[in-house]
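Residue-level structural notes
Spelled out, the chains give:
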Amino acid sequence: MHDAPLPADPPPQADRRRELTLRAVLTAIVVAALIGASYPYVVLKIGYGPNISVVSAFFGYMALSAIGFVTGARTTRFETNLVQTAGTAAGQAGFMCVVLAAFDMLNAKPELGFSVHLSSMQIFLWLSVAGLIGVLLAVPLRKHYIDEENLTFADGTAAGETLLVLDQGPKEAGPRVAALGIGMGLSGFIAFLRDRPFKLLPEYLGFGAHGDALRMGTEVSLLSFGGGMLVGMRIGLSMGLGMLLSWVIAPPLLFANNIVPAQTFREVVRWVMWPATGILVAGGLTALFLKWKVVARSFSNFGARNVDGGDFPMRYVIGGVIVLSIVLCALQKLSLGFPVWLTLVSLAVSAILMLVGTRVLGETNWAPVSALANLTQALFAVLSPGHIAINMIGSGMSGTVAANGEHLMQDFKAGKIVGSSNRNLTILQLVGVPVGALAVALVYPALKTRYGIGDTGLSSPISVKWAGFGELVATGFSALPRGCFAALGIAVALGIVITALEPKHRRFVPSPTGIGIGMLVPGIAVMPMVLGGIVQHLWSRANPRTENAYNLPLSSGFIAGEAIVVLVYAVLAMAGVV
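Keep in mind that what you see is a predicted model, and the values were worked out from it rather than measured. (Residues numbered from 1 in each chain as written. Predicted model: local features only at pLDDT ≥ 70, side-chain atom pairs only at ≥ 80, totals over all residues. Heavy atoms only, no water.)

1. Quick word on the overall build of the chain
Each helix and strand in the chain was counted, giving 23 helices and 2 strands. Classification of the 578 residues of the chain by burial places 59% in the buried group. Relative to all contacts within the chain whose residues are 6 or more apart in sequence, the contacts with residues 24 or more apart total 83%. Carbon together with sulfur atoms contributes 68% to the accessible area of the chain, which is approximately 22,100 Å² in total. (Helix = DSSP H or I, 4+ residues; strand = E, 2+ residues; numbered from the N terminus. Buried < 20%, exposed > 50% of the residue type's maximum accessible area, 1.4 Å probe, protein only. Contact = heavy atoms within 4.5 Å. Areas by Shrake-Rupley, 256 points an atom, 1.4 Å probe, with all protein chains shown as cover.)

Structure below.
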């Protein structure tokens, strides 16, 4: 068990009454909509979900401070915490766009017989109902993971500490908020000049004779650069290694041996996705196996005194889960043709995945959504062999339930640090999930229309891996491209070995996750992330005080600025304006 910062003293009752205020709820809805709408582009482009808890805290503080400036009422940290909570919940709904992208990647291969095309209403209902079940299932776990074991939950701790700093007033908060604003402004301005209809800046700079065809080079973008500043130099260089393997070394070798017909991204990715998937899955599952003691503790010490649900009434939790489960069974049966009994199996699996994933997240700040989803896919391959649609829908639903529940603990951790009401945090989670789901339902089709999904568009590695496992269910290993099965085996072995070496030799071995993502994401997006990681490292060595204070808001601004501009462009394009 890890020691974590002790919570602040409980707030005075007068401040407590200024928590679940009308302005806090309305601001939370606006911030949740913004985060939920902008997050899909970020996830699909850079291949992972950066910390949104702190970004939501900054946005909440800025919005509430603006309202307070007009009304003359001071913003409390409890109000900001509620806004941050709703933003985090909406962002988690936005993250699940990876499942929608995996569906579309499989839809693009008619030979598989897969055809799942969700309307905006179906997306909204699916993500909302599954997400709300995840929130409610997590409520009884709070006392165990947060109060009794006091797990770290690093993103939640960072959000809580950020809220305390912001609460100290403009002198402390101002420079950090300014860094966020500067990052957003610069990133948004570059995206504004680069995208249609202006195109005053190139989208990317290609490297080498086949750079344009392979999408190898560097984007003219601060979003990926900011992502690199967040993940740091080790992950950045690991992604750079994956980039070199996939987009510099592999293409000429594959072409010379007549394995691919041309050195293009579309052709090469069909081969390299298999070793990339191998190292990603092997690394994730090995890390989970090495944490078997952590996983085992998820299923122990749940005495009655630890599961009373906190301040949120258990009768609402139980009743809500029952009603929403019935709705989910009907929704999946009527709109997707998914058997009711398999929905019930998915829900049971979701609860187990949540227990495992929450503990791993609390101790390591790593949410094993992707690795656990692959295990779920293996289960559905046994329960319904050869049915790719059953496999994808079932694993996607289980992942959505579990992921929303896991990240509720981040908000409870932040709330414990600032002294917020757990009941109010849960209420705002329940508000944020459908707001985020609605944002995804409206924005994802717009992004797909404008930028495309898959080989030539937005190609999240998580989606590629999810779809790849689904494809294996339908076709088997015999349908893989020539030579990639051997590469898959080698990658699996390397993923296991490297992950096993990480605990004691972390400084000297690359990250299997970083390598896998670098192999799947186009080189033009990886290169600025590598540069961002190097810049962050040099900054931390040259001036650790300023890096610690400003790297997070500045890099978050780089990510948010472009995402917001792209969101506006996508909506305008869908409306036929640009």
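2. A closer look at the packing of helix H6 (residues 120-138) against helix H17 (residues 388-418)
Where H6 contacts H17, the axes come no closer than 7 Å and their chain directions differ by 45 degrees. Of the possible angle classes, the one that applies to H6 and H17 is oblique. Pair H6 / H17 crosses with right-handed handedness. Contacts from Trp-126, Leu-127, Ala-130, Gly-131, Ile-133, Gly-134, Val-135, Leu-137 and Ala-138 of H6 reach H17 at Ile-393, Gly-396, Met-397, Thr-400, Val-401, Asn-404, Gly-405, Leu-408 and Met-409. Residue composition of the contact of H6 with H17, grouped by class: 12 nonpolar, 6 polar and no charged. (Axes fitted to C-alpha atoms, helices over the stretch in contact; angles between N-to-C directions. Parallel < 35°, antiparallel > 145°, perpendicular 65-115°, else oblique. Left-handed = near helix turned anticlockwise from the far one by under 90°. Nonpolar A, V, L, I, M, F, W, Y, C, P; charged D, E, K, R; others polar.)

3. Quick look at the pattern of salt bridges
Counted under the stated rule, the structure contains 6 salt bridges. For Arg-23, the salt bridge identified is with Glu-79, shortest N-O distance 2.9 Å. Residue Arg-23 is located in helix H2 (residues 22-46), and its partner Glu-79 is located in helix H4 (residues 77-95); the two are separated by 56 residues in the primary sequence. Pair check on accessibility: Arg-23 and Glu-79 agree, each one buried. (Salt bridge = Lys/Arg side-chain N within 4 Å of Asp/Glu carboxyl O.)

4. Structural notes on the environment of Ile-182
Along the chain, Ile-182 falls in helix H9 (residues 170-194). Residue class for Ile-182 comes out exposed when judged on its relative accessible area of 52%. Separated by 373 residues in sequence, Ile-182 and Ser-555 place their C-alpha atoms 10.0 Å apart.

5. So, a nonpolar patch on the surface
Together, Leu-241, Leu-244, Leu-245, Val-248, Ile-249 and Leu-253 give the surface a local cluster of nonpolar side chains, amounting to about 470 Å² of exposed area. With respect to the helices, strands and loops of the structure, Leu-253 is situated in helix H11 (residues 223-256). (Patch = residues over 30% accessible without salt bridge, like charges linked within 9 Å, V, L, I, M, F, W, Y side chains within 5 Å.)

Functional significance is not addressed by these values, which are geometric in nature.
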